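Each chain, letter by letter, is given below.
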Amino acid sequence: MIITKATYGEKDCTQIVQSKVIGNKLILRADNNIMGDTNPGVVKYLEIEGNESGEVFKERVREGDTLVYPKTKLKRLGVWYTNNTNNRSEEHTSELQSH
């Protein structure tokens, strides 16, 4: 993925955004950590243009939002959590210790 142009609050940040691309993926929160507060008191936008596998793309996100590219094709994203503190793990540990 090549970022051809990136601005935050109308200030160029192309090199900074390009440095955040990892494995043809970009996940970046649009906030003042990118370029500092380029215009205090005004809501800013992170706007990027780029090329991935021959396809030109443009994305725009509001300050405080997270830019994710490429976008997931899934309609929903699920997160599962377990604390793994059930008795089965204790039983398994006892079995391993007895062998």
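Use the structure listed above.
Residues numbered from 1 in each chain as written. Predicted model: local features only at pLDDT ≥ 70, side-chain atom pairs only at ≥ 80, totals over all residues. Heavy atoms only, no water.

Things to note about the overall build of the chain
From N to C terminus, the chain includes two helices and six strands. Shown N-terminal to C-terminal, the secondary structure of the chain runs as helices and strands in the order β-β-α-β-β-β-β-α. Each of the 99 residues in the chain was classed as buried or not, and the buried ones make up 26%. Put simply, 49% of the contacts in the chain that link residues at least 6 apart link residues at least 24 apart. As displayed, the chain offers around 7900 Å² of accessible surface, 48% of which is attributable to carbon and sulfur atoms. (Helix = DSSP H or I, 4+ residues; strand = E, 2+ residues; numbered from the N terminus. Buried < 20%, exposed > 50% of the residue type's maximum accessible area, 1.4 Å probe, protein only. Contact = heavy atoms within 4.5 Å. Areas by Shrake-Rupley, 256 points an atom, 1.4 Å probe, with all protein chains shown as cover.)

Digging into the sheet that holds strand 5 (residues 55-62)
Taken in spatial order, the four strands line up as 2-1-4-5 in an open sheet, and their pairing is antiparallel. Here the strands that pair on one side only, and so sit at the sheet edges, are strand 2 (11-12) and strand 5. As paired elements, strand 1 (residues 2-8) and strand 2 share two bridges and run antiparallel to each other. The residue bridging threonine 7 from the neighbouring strand is aspartate 12, located in strand 2. (Pairing = 2+ DSSP bridges.)

Observations concerning the packing of aromatic side chains
Enumeration over the complete set of coordinates arrives at one aromatic pair. Ring centres 3.9 Å apart and planes at 15° place the aromatic pair phenylalanine 57 and tyrosine 69 in the stacked group. One end of the pair, phenylalanine 57, is in strand 5; the other, tyrosine 69, is in strand 6 (residues 66-69), with 12 residues separating them in the sequence. Considered together, phenylalanine 57 and tyrosine 69 belong to a single accessibility category, that of buried residues. If you follow arginine 60 out to its NZ or CZ, it ends over the ring of tyrosine 45, 3.7 Å from the centre. (Phe/Tyr/Trp six-rings, centres within 6.5 Å; stacked < 30°, edge-to-face > 60°. Lys NZ or Arg CZ within 6 Å of the ring centre and 35° of its normal.)

Some thoughts on the side chain of glutamate 52
Mapping glutamate 52 onto the fold places it in strand 4 (residues 45-52). In contact with glutamate 52, not counting residues within four places along its chain, are Met1, Asn24, Phe57, Tyr69 and Pro70.

Focus on the pairing of strand 1
With six bridges connecting them, strand 1 and strand 4 associate as antiparallel partners. By the bridge assignment for strand 4, tyrosine 8 is matched with leucine 46. Counting the residues between successive antiparallel strands, the hairpin from strand 1 to strand 2 contains two residues, one of them, glycine 9, with a positive phi of roughly 60°.

So, the environment of glutamate 47
Within the element layout of this structure, glutamate 47 appears in strand 4. Owing to a relative accessible area of 36%, glutamate 47 belongs among the partly exposed residues under this scheme. Not counting chain neighbours up to four residues away, the residues in contact with glutamate 47 comprise Lys5, Ala6, Thr7, Glu59 and Arg60.

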